[in-house]
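Take a look at the letters that make up each chain.
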Amino acid sequence: MARIFLFLIGFWFVVIGLSNIILYLNLLTIGYNFYEYVNFIIKSNLLYLVIIGIIIIVLTLINKGDRKYELYL
């Protein structure tokens, strides 16, 4: 149950971070160039939120969990 909860937390972090990064693409329409946009994204906390979310998802998928209830056939 904890793995599912952690996976959903990581997924939530990635969705929130990436959706805000996409929303900030509107900066390009008001005169920012692509270099300034990337610089803004790197300095904001959104990139860290996406990276932490991806790490949490990968760790929950790699973790084997408790195997004492697994049946070997």
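Procedures and definitions
Residues numbered from 1 in each chain as written. Predicted model: local features only at pLDDT ≥ 70, side-chain atom pairs only at ≥ 80, totals over all residues. Heavy atoms only, no water. Helix = DSSP H or I, 4+ residues; strand = E, 2+ residues; numbered from the N terminus. Buried < 20%, exposed > 50% of the residue type's maximum accessible area, 1.4 Å probe, protein only. Contact = heavy atoms within 4.5 Å. Axes fitted to C-alpha atoms, helices over the stretch in contact; angles between N-to-C directions. Parallel < 35°, antiparallel > 145°, perpendicular 65-115°, else oblique. Left-handed = near helix turned anticlockwise from the far one by under 90°. Nonpolar A, V, L, I, M, F, W, Y, C, P; charged D, E, K, R; others polar. Core = buried A, V, L, I, M, F, W, Y, C linked by side-chain atoms within 4.5 Å.

> Please provide a residue-by-residue account of the side chain of Thr60, values included.
Looking at the element boundaries, Thr60 is found in helix α3 (residues 46–62). Judged by relative accessible area, which is 7%, Thr60 ranks as buried. Aside from chain neighbours lying at most four places away, what touches Thr60 is Arg3, Leu6 and Phe7.

> Explain the packing of helix α1 (residues 2–23) against α3 to me, using residue names and the numbers behind them.
The contact between α1 and α3 brings their axes to 8 Å, and the two run at 150 degrees. Classed by the angle they form, the pair α1 and α3 counts as roughly antiparallel. Both α1 and α3 take part in a crossing whose hand is left-handed. From α1, Arg3, Leu6, Phe7, Gly10, Phe11, Phe13, Val14, Ile16, Gly17, Leu18, Asn20 and Ile21 reach across to α3, where they touch Leu46, Leu49, Val50, Ile52, Gly53, Ile54, Ile56, Ile57, Thr60 and Leu61. In terms of residue class, the contact of α1 with α3 is built from 16 nonpolar, five polar and one charged.

> How would you explain the environment of Ile56 if you had to name every residue and give the values?
Along the chain, Ile56 turns up in helix α3. Each C-alpha atom, one on Ile56 and one on Phe7, is 6.7 Å from the other, the two residues being 49 residues apart in sequence. For Ile56, the residues in contact, after removing those within four places along its chain, are Leu6, Gly10 and Phe13.

> Go over the environment of Leu49, please, and point to the residues and values.
Among the structural elements, Leu49 can be located in helix α3. Sequence-wise, Leu49 and Gly10 are 39 residues apart; in three dimensions their C-alpha atoms are separated by 9.0 Å. When sequence neighbours within four positions are dropped, the list of residues in contact with Leu49 reads Phe13, Ile16 and Gly17.

> An account of the nonpolar core is needed here, citing residue identities and associated values.
Ile21, Tyr37, Ile41, Leu46 and Val50 form the largest nonpolar core, which has five residues in total. Counting only elements with at least two residues in this core, the list comes to α2 (34–43) and α3. Ile21 has contacts with Tyr37, Ile41, Leu46 and Val50, leaving out every residue within four places of it along the chain.

None of the figures reported here should be taken as evidence of function without further support.
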